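# Examination of the molecular architecture
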Amino acid sequence: LPQYDLKFYADLFRAIKAHRPDLHIKALTPVEFHYIFKKAKVSYKEGLEILKEAGLESIPGGGAEIFHPEIRDQIAGGKCSGDEWLEIHKIWHELGGRSNATMLYGHIESNYHRVHHLDLLRQLQDETGGFQTFIPLKFRNQDNQLSHLPETSVIEDLRTYAISRIYLDNFDHIKAYWPMISREIAQLSLKFGLDDIDGTIDDTTKIYSMAGSEEQTPTLSTKDLVKLIKAVDMKPIERDTL
């Protein structure tokens, strides 16, 4: 929305920090930054410096989709380009910030496009070391313009996670969004190279269930999460954002 401009977010982050200085602010993606900074007529670097000073501490991995223009133009034509997404994360890393990265797989892309995507992330990580986590996101085909496409099989999902783990050897962590793939598959993914299945999500936004997630009401208590991890002989460790 037009009123949510650079000043709005800088003021918001300052207000959050004044109220709760201990809260870590992880917010916005390059898709939003690109729009906000363009509107404010500032460069990516200037904009990120303003928001960092206001309290922004890290950036989520959203909006990456698939970087290759062949695919990106078809599935995310209105968003910033793959190069712009990478550039914003690069600048953020150079400012001392950490961020995550994602890939939306299992729609109209080929294996070539997936590897191209992973390769660009790996190259940037070699350069900056600023990424902490890679999150492969499974395309769900409910209620969207690509609903005619079949979804990937569980075998294909696990193979994608395993290859991501091997290929992104310079990323410390690979994460599964369990509401998207079900708690059982997330549990299994821990045996295929993943080491983070995220937290006790409260799906108030309905973003997962609207897209056709495996979990219609994705909530999981800490106790459930611990049980699920221990059941596959893994050690549950609670983490913070960093």
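The preceding data block contains the structure.
Residues numbered from 1 in each chain as written. Predicted model: local features only at pLDDT ≥ 70, side-chain atom pairs only at ≥ 80, totals over all residues. Heavy atoms only, no water.

## Describing the overall build of the protein chain
Regarding its fold elements, the protein chain presents 11 helices and 4 strands. By the burial criterion, 46% of the 242 residues in the protein chain qualify as buried. Restricting to contacts in the protein chain with at least 6 residues of sequence separation, those with at least 24 account for 70%. Carbon together with sulfur atoms contributes 54% to the accessible area of the protein chain, which is approximately 12,600 Å² in total. Computed over 29 positive and 37 negative side-chain charges, the separation of the two mean positions in the protein chain equals 4 Å. (Helix = DSSP H or I, 4+ residues; strand = E, 2+ residues; numbered from the N terminus. Buried < 20%, exposed > 50% of the residue type's maximum accessible area, 1.4 Å probe, protein only. Contact = heavy atoms within 4.5 Å. Areas by Shrake-Rupley, 256 points an atom, 1.4 Å probe, with all protein chains shown as cover. Lys, Arg positive; Asp, Glu negative; His and termini not counted. Charge placed at Lys NZ, Arg CZ, Asp CG, Glu CD.)

## Here's the deal with the environment of tyrosine 105
Looking at the secondary structure, you find tyrosine 105 in strand 2 (residues 98–105). Considering only alpha carbons, one finds tyrosine 105 and glutamate 151, 46 residues apart in sequence, at a separation of 9.7 Å. Sequence-distant contacts of tyrosine 105, defined by excluding residues within four places in its chain, comprise Arg114, Pro136, Leu137, Lys138, Phe139, Thr152, Asp157, Thr160 and Tyr161.

## Observations concerning the pairing of strand 3 (residues 131–138)
Of all the 8 residues making up strand 3, 7 are buried; the element is thus mostly covered by neighbouring parts of the structure. Summarising the sheet, strand 2 and strand 3 pair through 7 bridges and their orientation is parallel. By the bridge assignment, alanine 101 is partnered in strand 3 with phenylalanine 134. You can see the chain leave strand 2, run along helix 6 (residues 111–128) and come back into strand 3, and the turn it takes is right-handed. With 2 bridges connecting them, strand 3 and strand 4 (residues 173–174) associate as parallel partners. (Pairing = 2+ DSSP bridges. Right-handed = clockwise from strand over helix to strand, strands pointing away.)

## A closer look at the sheet that holds strand 4
Strands pair in a sheet through their backbones, by hydrogen bonds, and they do so in one of two ways: parallel or antiparallel. The strand order across the open sheet formed by 4 strands is 1-2-3-4, and the pairing between neighbours is parallel. Whereas interior strands pair on both sides, the edge strands pair on one side only; in this sheet they are strand 1 (58–59) and strand 4. Against the sheet, helix 5 (residues 82–94) contacts strand 1, strand 2 and strand 3, and its axis sits at roughly 160° relative to strand 2. (Axes fitted to C-alpha atoms, helices over the stretch in contact; angles between N-to-C directions.)

## Here we look at helix 1 (residues 6–19)
Compared with an ideal rise of 1.5 Å per residue, which puts 14 residues at 20 Å, helix 1 spans 20 Å between its outermost C-alpha atoms and is within 8% of the ideal. Among all positions in helix 1, only Leu6, Tyr9, Ala10, Phe13 and Lys17 are buried. Down the axis of helix 1, the buried set is contained in an arc of 100°. They therefore lie on one face. Away from the buried face of helix 1 by more than 90 degrees, exposed residues Lys7, Ala18 and His19 are located. Looking at the buried residues of helix 1, the elements they touch are helix 2 (30–40) and helix 3 (44–54). (Expected span 1.5 Å × (residues − 1). Arc of directions from axis to C-beta.)

## Here we look at the pairing of strand 2
Along strand 2, 6 of the 8 residues are buried, which leaves the element largely enclosed by surrounding structure. In terms of strand pairing, strand 1 meets strand 2 through 2 bridges, oriented parallel. Residue pairing across strands places serine 58 opposite arginine 98, the latter belonging to strand 2.

## So, the packing of helix 2 against helix 5
Closest axis-to-axis distance for the helix 2/helix 5 pair is 9 Å, and the angle between their directions is 90°. Taken together, the axis directions place helix 2 and helix 5 in an arrangement best described as roughly perpendicular. Listed contacts from helix 5 to Pro30, Phe33 and His34 of helix 2 are Glu84, Trp85, Ile88 and His89. (Parallel < 35°, antiparallel > 145°, perpendicular 65-115°, else oblique.)

## Things to note about the packing of aromatic side chains
We describe a pair of aromatic rings using the distance from one ring centre to the other and the angle between the two ring planes. Evaluated as defined, the whole model comprises 9 aromatic pairs. Taken together, a centroid distance of 5.5 Å and an interplanar angle of 20° make the contact between phenylalanine 33 and phenylalanine 37 stacked. Placement of both phenylalanine 33 and phenylalanine 37 in helix 2 is noted, with a separation of 4 residues, approximately one turn of the helix. With respect to burial, phenylalanine 33 and phenylalanine 37 carry one shared label: buried. Pairing phenylalanine 134 with phenylalanine 171 gives two aromatic rings, centres 6.3 Å apart and planes at 80°, and the pair type is edge-to-face. Residue phenylalanine 134 is located in strand 3, and its partner phenylalanine 171 is located in the loop between helix 7 (154–167) and strand 4; the two are separated by 37 residues in the primary sequence. Grouping residues by exposure puts phenylalanine 134 and phenylalanine 171 together as buried. (Phe/Tyr/Trp six-rings, centres within 6.5 Å; stacked < 30°, edge-to-face > 60°.)

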